[in-house]
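Structural description and commentary
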Amino acid sequence: MPRVNRTVALSLLIVCSLVFLLFQLYYYRKYVGKTGPHILNPAGHLTTSQVQWQTVKTFLALAQRFRLPLFLADTIALSLLSQDALRQQDLLVREPHCSFLCTGRPVTSFALQANRWKYDTGYGYQQPGFLLAAEQKGFELMELRGEDPRLASLDTLSGEQIPLHFLFRLHNYVIQVVFLYERSGNYLWHGPLRLQADMDRSFAPFKLLDYGYHSGAYDRPELILTVLDGLDVRVPRNVSSFVAQQKHARFLECRYREARNFLQLYPDDSSVVAVDFRRKAKTLLHLAARTLTQLGVPFWLSSGTCLGWFRQCNIISYSRDVDIGIFIKDYRPDIIAAFRKAGLSLKHKFGKVEDSLELSFLSDDIKLDIFFFYEDADVWNGGTQAKSGRKFKYIFPRFSLCWAEFLELKVRVPCETLDYVMANYGTTWNIPVTSWDWKTSPSNVQENGVWPVSEWEEVIQVY
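Below you will find a few notes about this structure. (Residues numbered from 1 in each chain as written. Predicted model: local features only at pLDDT ≥ 70, side-chain atom pairs only at ≥ 80, totals over all residues. Heavy atoms only, no water.)

What about the overall build of the chain?
Looking only at helices and strands, one finds 12 helices and 21 strands in the chain. Here the chain holds 463 residues, and the buried ones make up 48% of them. Restricting to contacts in the chain with at least 6 residues of sequence separation, those with at least 24 account for 66%. (Helix = DSSP H or I, 4+ residues; strand = E, 2+ residues; numbered from the N terminus. Buried < 20%, exposed > 50% of the residue type's maximum accessible area, 1.4 Å probe, protein only. Contact = heavy atoms within 4.5 Å.)

Right, dumping it as structure tokens:
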């Protein structure tokens, strides 16, 4: 009897050993026998970082198979690519080998220029194979669509739906694909991520997503192919610039529906003079944008030009000028020389850098007014009456800056546009006023003293 027990025990031991060896062989072939990071906890199980890396690896392999040129847009992963972060990398307490793609978040963001995702009138895409292959790999898909703003205008409102965001989920890990569309202002745009009532709000950690809380606008990035954590990944060549853009990318669409309603009540002037002014104003605004961009000086639409964008998606034909704002902290002494080099003549310079600076240029009989804004207890810009030296102050509520498209140009506007416009034009901002006195008409104007006569030569310069 003892001999039988020993035989059975020996047989069981051999079977268990074989099972264990087969498991080791399976594990080696599936995980360790592949290139890339291999991160195990002391018990020999996959860590969260390993699951994250394997998920990204599987997804990128699919994208490569279907020739989808995705690029890494994840802000945390991209931030780790900066030189400062690389120098500090040894000081960080991170799991070995997966240094960039394992961000500690259950989501990674990629972007795709939408013209590389081909459409089809039947299924909807020429890429159903990609989605099917992802499903076969175990990925669940949430597709978020929205109206195509590129087809919207004062004449028609877009009804065509386009893909905005794809969310792929595997092992409770989410990969976000952001679709970037080319806009007429020569920039890339992505739409907001808005869940429909019947969508699963637990599908992804939506509050952790880098993209979708607002629409966004970006300069077209130059991409390079590199190797991150053993994987071939496209990234923006100028990583720091892309990450900086993402922080301030919020985009506001022109309010075409409200503009159409306004123009039904107040038809736009279609006279030869008005059409000619709008053409010249568009040219001047594009020239100002190029000049200030070359200087690295951010600006936004202000006063009547901002009102025109917000109220009627166009230049106000009777305004007779173009108005932009610049924070005084962004002033550069070579602004005047840059505009003169661009072909504009200086019409007047009022105030000084420390107080109430205002520049006015002339191009083709159209005036460009640049108002410099100061931030102290209030946010304000100044005005000066040349003949008397009287000073004026225009106070605004604090505001941030967003991108918008105006006259085929990507340009900044105050994000809190309604508050900004109402500060200047009051509650009747949506009623045209053709007679305007800059000293008394604005709702936010205040007397601000008088320039000392001894300073007039410096603060009142008319050309």
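Moving on from the model shown.
Let's talk about a nonpolar patch on the surface
On the surface, a nonpolar cluster with roughly 290 Å² of combined accessible area is contributed by L265, Y266 and I431. With respect to the helices, strands and loops of the structure, Y266 is situated in the loop between α7 (256–265) and α8 (272–295). We classify Y266 as partly exposed; its relative accessible area is 31%. (Patch = residues over 30% accessible without salt bridge, like charges linked within 9 Å, V, L, I, M, F, W, Y side chains within 5 Å. Areas by Shrake-Rupley, 256 points an atom, 1.4 Å probe, with all protein chains shown as cover. Salt bridge = Lys/Arg side-chain N within 4 Å of Asp/Glu carboxyl O.)

A closer look at the state of the cysteines
As enumerated under the stated definition, the model contains 2 disulfides in all. Disulfide pairing is shown between C254 and C313; the S-S distance is 1.7 Å. As the torsion about the S-S bond is roughly -125°, the C254-C313 disulfide counts as left-handed. Of the two residues, C254 sits in the loop between β10 (250–251) and α7 while C313 sits in the loop between α9 (303–312) and β12 (321–327), which places them 59 residues apart along the sequence. Using a relative accessible area of 9% as the deciding quantity, one classes C254 as buried. (Disulfide = S-S within 2.5 Å.)

Considerations on the packing of aromatic side chains
To describe a pair of aromatic rings, one takes the distance between the centres and the angle between the planes. Under the counting rule described, the total for this entry stands at 34 aromatic pairs. Both rings, one in F166 and one in F168, keep their centres 6.0 Å apart while their planes meet at 80°; by these two values the pair is edge-to-face. Overall, the relative accessible area of 2% leaves F168 in the buried class. Taking the centre distance of 5.0 Å and the plane angle of 40° together, the rings of Y425 and W436 count as tilted. Of the two residues, Y425 is situated in helix α11 (residues 417–425) and W436 in the loop between α11 and β20 (445–450); the sequence distance between them amounts to 11 residues. Given the relative accessible area of 38%, W436 is considered partly exposed. A connected cluster of aromatic rings, assembled from ring pairs, spans F59, F66, F110, W117, F130, F139, F166, F168 and F179. Taking NZ or CZ as reference, R169 lies 4.3 Å from the ring centre of F203, over its face. A cation sits over an aromatic face here: K410 above W403, 4.0 Å from the ring centre. (Phe/Tyr/Trp six-rings, centres within 6.5 Å; stacked < 30°, edge-to-face > 60°. Lys NZ or Arg CZ within 6 Å of the ring centre and 35° of its normal.)

Some words on the layout of surface pockets
Empty space within the largest pocket amounts to approximately 860 Å³. If you go around the largest pocket, you meet 35 residues; those closest to its centre are D321, D323, D369, W436 and W438. Counting residues per element, the ones that place at least two in the lining of the largest pocket are α9, β12, β13 (345–352), β15 (366–375), β16 (379–384), β17 (390–396) and α11. Its boundaries defined by the atoms lining it, the second largest pocket holds a volume of some 730 Å³. Along the walls of the second largest pocket sit 26 residues, with D219, T293, W403, K410 and R412 positioned nearest its centre. Within the residue set of the lining of the second largest pocket, elements represented by two or more residues are α6 (239–247), α8, β18 (401–405) and β19 (410–414). Within the lining of the second largest pocket, the residues separate by chemical class into 12 nonpolar, 9 polar and 5 charged. (1 Å grid on protein atoms, 1.4 Å probe; cavity = no way out; pocket = protein on both sides within 12 Å on 5 of 7 lines; lining within 4 Å. Points joined across faces, edges and corners; volume = space filled by probe spheres on them. Nonpolar A, V, L, I, M, F, W, Y, C, P; charged D, E, K, R; others polar.)

Observations concerning the environment of I324
Residue placement: I324 occurs in strand β12. Classification of I324 as buried rests on a relative accessible area of 0%. Sequence separation between I324 and S302 is 22 residues, and the spatial gap between their C-alpha atoms is 4.7 Å. Look past the residues within four positions of I324 in its chain and what remains in contact with it is L285, L292, F299, W300, S302, L368, D369, I370 and F371.

A look at α11
Looking only at α11, the buried set comprises T417, Y420, V421, A423, N424 and Y425. G426 occupies a position one or two residues after α11 and carries a positive phi of about 75°.

A few points about the pattern of salt bridges
The final tally for this structure, using the stated rule, is 24 salt bridges. For R220, the salt bridge goes to E182, with nearest N and O atoms at 3.5 Å. Taken together, the residues R220 in the loop between β7 (215–218) and β8 (223–228) and E182 in strand β5 (residues 173–183) connect sequence positions 38 residues apart. Of the charged contacts, one joins D330 and K329 as a salt bridge, the two residues approaching to 3.6 Å between their closest N and O atoms. In this structure, a network of salt bridges that share partners links the residues D276, R279, K280 and D364.

Some remarks on the pairing of β5
In summary, the side chains of a regular strand alternate between the two faces of the sheet. Counting buried residues along β5, 10 of its 11 residues qualify, which places the element largely inside the surrounding structure. In this structure, strand β2 (residues 107–113) lies alongside β5, joined through 7 bridges in parallel fashion. In the sheet register, A111 faces β5, and the bridge partner there is V178. In the sheet, strand β4 (residues 161–170) pairs with β5 via 6 bridges, with the strands oriented antiparallel. (Pairing = 2+ DSSP bridges.)

Comments concerning the environment of W456
When you line up the elements, W456 lands in helix α12 (residues 456–459). Owing to a relative accessible area of 26%, W456 belongs among the partly exposed residues under this scheme. Between the C-alpha atom of W456 and that of G351, which follows or precedes it by 105 residues, the distance is 9.0 Å. If we skip the residues at most four places from it in the chain, W456 touches K387, S388, G389 and W451. A polar atom in the side chain of W456 sits 3.0 Å from the backbone oxygen of W451. (Polar contact = N/O pair within 3.5 Å; in protein donor to acceptor, adjacent residues only side chain to side chain.)

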